[in-house]
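Understanding the architecture of this molecule
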Amino acid sequence: MAMADEATTPLLASYKPKPAKAPSIDDAIETYIGATGAGQLFKAIILAFTWAFDAQQVFISVFTDAEPHWHCTAGADPSCSLAVAEASPCALPPGAWAWDRPAETSVVSEWALKCAGPALVSLPASSFFAGCLAGGFLLTTLADSLLGRKKMLLVSLASMSVAGVLTAFSPNVWAYAALRFVCGFGRSMVGTCALVLSTELVGKRWRDTVSVAGFACFTVGFLSLPALAYAFREASWRNMYLWTSLPSLCYAILLYFLVQESPRWLLVRGRKHDAIETVRQIAALNGGGGITCSFSMLHACATEREDATGAGGDGVFATLQSMLERRWALRRLAAIMTASFGVGMVYYGMPLNVGNLGSNLYLSVTYNALAEFPSSILSWLLMGRINRRSSVIALTAVAGLCSLACVVIPEGTGERMAAEVFSFFATCTAFNIILMYSIELFPTSVRNSAVGMVRQALVLGGVAAPMLVALGRERSFWSFGVFGLAVGCLGLFAACLPETRGRSMSDTMEEEEHKEASAAAAAAVTAATSDMDSNADLV
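Parameters and conventions
- Residues numbered from 1 in each chain as written.
- Predicted model: local features only at pLDDT ≥ 70, side-chain atom pairs only at ≥ 80, totals over all residues.
- Heavy atoms only, no water.
- Helix = DSSP H or I, 4+ residues; strand = E, 2+ residues; numbered from the N terminus.
- Core = buried A, V, L, I, M, F, W, Y, C linked by side-chain atoms within 4.5 Å.
- Buried < 20%, exposed > 50% of the residue type's maximum accessible area, 1.4 Å probe, protein only.
- Domains from an automatic or database assignment.
- Contact = heavy atoms within 4.5 Å.
- Axes fitted to C-alpha atoms, helices over the stretch in contact; angles between N-to-C directions.
- Parallel < 35°, antiparallel > 145°, perpendicular 65-115°, else oblique.
- Left-handed = near helix turned anticlockwise from the far one by under 90°.
- Nonpolar A, V, L, I, M, F, W, Y, C, P; charged D, E, K, R; others polar.
- pLDDT = per-residue confidence, 0-100.
- 1 Å grid on protein atoms, 1.4 Å probe; cavity = no way out; pocket = protein on both sides within 12 Å on 5 of 7 lines; lining within 4 Å.
- Points joined across faces, edges and corners; volume = space filled by probe spheres on them.
- Polar contact = N/O pair within 3.5 Å; in protein donor to acceptor, adjacent residues only side chain to side chain.

Overview of the environment of Ile45
Within the secondary structure layout, Ile45 lies in helix α3 (residues 38–48). Along the chain, Ile45 and Ala194 lie 149 residues apart, while their C-alpha atoms are 10.0 Å from each other.

The structure is reproduced here in structure tokens:
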């Protein structure tokens, strides 16, 4: 009887369909804010303007720490003419020479650092980059864990601005270097948080555009420096810090009221209600009908994240631990950081090195800053049409060759200036692509930490640059030569990275591992098919 009942039981009655897979965060966000409106795009671009203040603090020492020109005084000892030829007044007696401009126009002349040696002259700039490194290591995971993108950005921007204001009141070079360290510590997360937050607040279609907008704003900030320096050419260097830091502090207050937190980060951290409210605000700003819908997709993916383990992790350094425990993530991070180190050495070193070109300082810095505009456009074109990996390798090779050319081209010639600008142009483009590349290489749960580590590798190159620039004043190989070898050789490490062009952004490490496994399986199938075709041709 039991057998009869079993036989008459419909086969479909025992079938249990698999539960539908919850949508990914990327799919859910795209559903509601993918059609980014003008209002939200405007907010994202305003957020990208953070990069302008970032650029000012990075390159301000090109002018405040510049080595000013000097001349022999009337009735000076005949040996002064020989010192002029050697560009060193250190052996001259007091009163035999004088600065061309007031001593307070530069820290070098105000605190008599001309003859103190390259280590002391480069100390403030190196301290700034050392602060960037320390802040990047200690703060980079906070934007992924405790504080989030928006709070971390505001804290970093405010601390950078306050330190900049205090720098204007430095009594000596030691206090100056210490405050530059604090400024760099605060600045370490400004660009990273602005880049990640701006790209996570818009749909996929506008990510590259918003990223390039940030790079363009960086150029605007860079270009403002020679204009400010020329306006204050006869005034104290302290004015430069006041006129860059006070507007930055006001801008931080504006961002507090203007910008929302990343809904992607909120969902990954399990803050479902905050994420839905943020998406609701964005949808309302875009003018769509999202404000009346149920946000069921967000509820579904948020529920799945709450049940999942390792999505965001607990603890300040959980995101770094999550990357270090996975071989594929560690390999990606090591490769892109190595390439970034070489790029950072040239990117931060070339503007500091323009004084060694033998040309006008204001025009040289302006040419370097103007080179960033076409590099931003080229970055946008390359990201949309060409593979990321090959772009980085080609651009770093070109930058290295042009930098090496500066070693053999005579000083003060137009050809040397052109080679330097073209090397900086290629490096800027590689810099932009590396940052956008790193956003695509790592999932939302660790993205800010990964991008922060990449930026620290860039800054680490900047730490070595001031000393090389100081040594390059005696022999150009130590600046242009080392720059060229570093960026050209280390850029080859990008060949170890996977290509991400056209891929969607992952939310968790597990999702990225699944994509990695699928890509490896597809590559194995393709290789096996090729071998079979080759054997068939031989037969």
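Next comes the rest of the description.
Re the nonpolar core
One finds Trp51, Phe59, Met323 and Tyr348 to be the most contacted residues of the largest nonpolar core, which totals 113 residues. Counting residues per element, this core draws most heavily on helix α22 (residues 414–441), which supplies 16 residues. Split by domain, this core shows at least three residues from each of two domains, domain 1 (23–68 + 100–299) and domain 2 (322–504). Apart from residues lying up to four places away in sequence, Tyr348 is in contact with Val58, Phe59, Phe129, Arg187, Phe431, Leu458, Val459, Gly462 and Ala465.

Brief notes about the packing of helix α8 (residues 118–139) against helix α10 (residues 173–187)
In the contact formed by α8 and α10, the axes pass within 6 Å of each other and the chain directions differ by 30 degrees. Looking at the two axes, α8 sits roughly parallel to α10. Where α8 crosses over α10, the handedness of that crossing is right-handed. Where α8 abuts α10, its residues Leu120, Leu123, Pro124, Ser127, Phe128, Ala130, Gly131, Cys132, Ala134, Gly135, Leu138 and Leu139 lie against Val173, Trp174, Tyr176, Ala177, Arg180, Phe181, Cys183, Gly184, Phe185 and Arg187. Across the contact of α8 with α10, the residue classes tally to 16 nonpolar, four polar and two charged.

So, the environment of Val165
Topologically, Val165 is positioned in helix α9 (residues 148–167). For Val165, a relative accessible area of 17% corresponds to the buried category. Spatially, the C-alpha atoms of Val165 and Thr244 are 8.6 Å apart, while their sequence positions differ by 79 residues. Beyond its immediate stretch of four places on either side in the chain, Val165 contacts Leu242, Ser245 and Leu246.

A word on the confidence of the model for the protein
Low pLDDT marks stretches whose predicted atomic positions should not be read closely. The pLDDT averaged across the protein works out to 78; a share of 78% of its residues lies at or above 70. Element-level pLDDT for the protein is lowest in helix α1 (residues 2–8), with a mean of 48, against a maximum mean of 94 in α10. Contacts of residues 1–20 to residues separated by more than four positions or lying in other chains number zero contacts, the stretch itself having pLDDT below 50. In this model, residues 306–313 is a region of pLDDT below 50 whose contacts with residues beyond four sequence positions or in other chains number 13 contacts.

As for the layout of surface pockets
Size it by volume and the second largest pocket reaches roughly 330 Å³. Taken together, 18 residues line the second largest pocket, and the ones lying closest to its centre are Lys204, Arg207, Asp208, Arg388 and Glu440. Sorting the residues of the lining of the second largest pocket by element identifies α12 (207–231), α20 (372–385) and α22 as the ones contributing at least two each. Tallying contributions element by element places α12 first for the lining of the second largest pocket, with four residues.

Observations concerning the side chain of Thr50
The topology assignment puts Thr50 in helix α4 (residues 50–59). According to the relative accessible area criterion, Thr50 is buried, its value standing at 0%. Among the polar contacts listed, one links the side chain of Thr50 to the side chain of Tyr251, at a separation of 2.9 Å.

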